Amino acid sequence: MTEHQLREQEFQIARYRLLEREVTDPLAACLLHSIIEELEAELRRDRPDSHGPRD
């Protein structure tokens, strides 16, 4: 991923976190939390300074 793509993904995660705090439906909050976890895992995997395994 390019630096621009990494920043865009971080911005997307922040938007989902805000939505997660604002929703009142427990199912929606759970789904948003799952999406956030997946996006964060992808971001850690794709970040160039990550020390994790690369695929």
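Model, not experiment: these values are computed from the prediction.

Student: Is there a simple way to think about the overall build of the protein chain in this case?
Tutor: When its secondary structure is counted, the protein chain shows 2 helices and 0 strands. Scored against the burial criterion, the 55 residues of the protein chain give a buried share of 16%. Here the analysis covers contacts within the protein chain between residues at least 6 apart in sequence; of these, 41% occur between residues at least 24 apart. Roughly 4,400 Å² of accessible area belongs to the protein chain as shown, and the carbon and sulfur atoms make up 55% of that amount.

Student: Please explain the packing of helix H1 (residues 3-22) against helix H2 (residues 26-46) as it appears in this structure.
Tutor: A pair of packed helices can be characterised by two numbers: the angle between their axes and the separation between those axes. Where H1 contacts H2, the two axes come as close as 9 Å, and the packing angle between them is 160°. Considering the angle they form, H1 stands roughly antiparallel to H2. Judged by the twist between their axes, the crossing of H1 over H2 is left-handed. Two secondary-structure elements touch here, H1 through Leu 6, Gln 9, Glu 10, Gln 12, Ile 13, Tyr 16, Arg 17, Leu 19 and Glu 20 and H2 through Ala 29, Leu 32, His 33, Ile 35, Ile 36, Leu 39, Glu 40, Glu 42, Leu 43 and Asp 46. Tallied by class, the residues present in the contact of H1 with H2 amount to 10 nonpolar, 3 polar and 6 charged.

Parameters and conventions
Residues numbered from 1 in each chain as written. Predicted model: local features only at pLDDT ≥ 70, side-chain atom pairs only at ≥ 80, totals over all residues. Heavy atoms only, no water. Helix = DSSP H or I, 4+ residues; strand = E, 2+ residues; numbered from the N terminus. Buried < 20%, exposed > 50% of the residue type's maximum accessible area, 1.4 Å probe, protein only. Contact = heavy atoms within 4.5 Å. Areas by Shrake-Rupley, 256 points an atom, 1.4 Å probe, with all protein chains shown as cover. Axes fitted to C-alpha atoms, helices over the stretch in contact; angles between N-to-C directions. Parallel < 35°, antiparallel > 145°, perpendicular 65-115°, else oblique. Left-handed = near helix turned anticlockwise from the far one by under 90°. Nonpolar A, V, L, I, M, F, W, Y, C, P; charged D, E, K, R; others polar.

What is shown is where atoms sit, not what they do.
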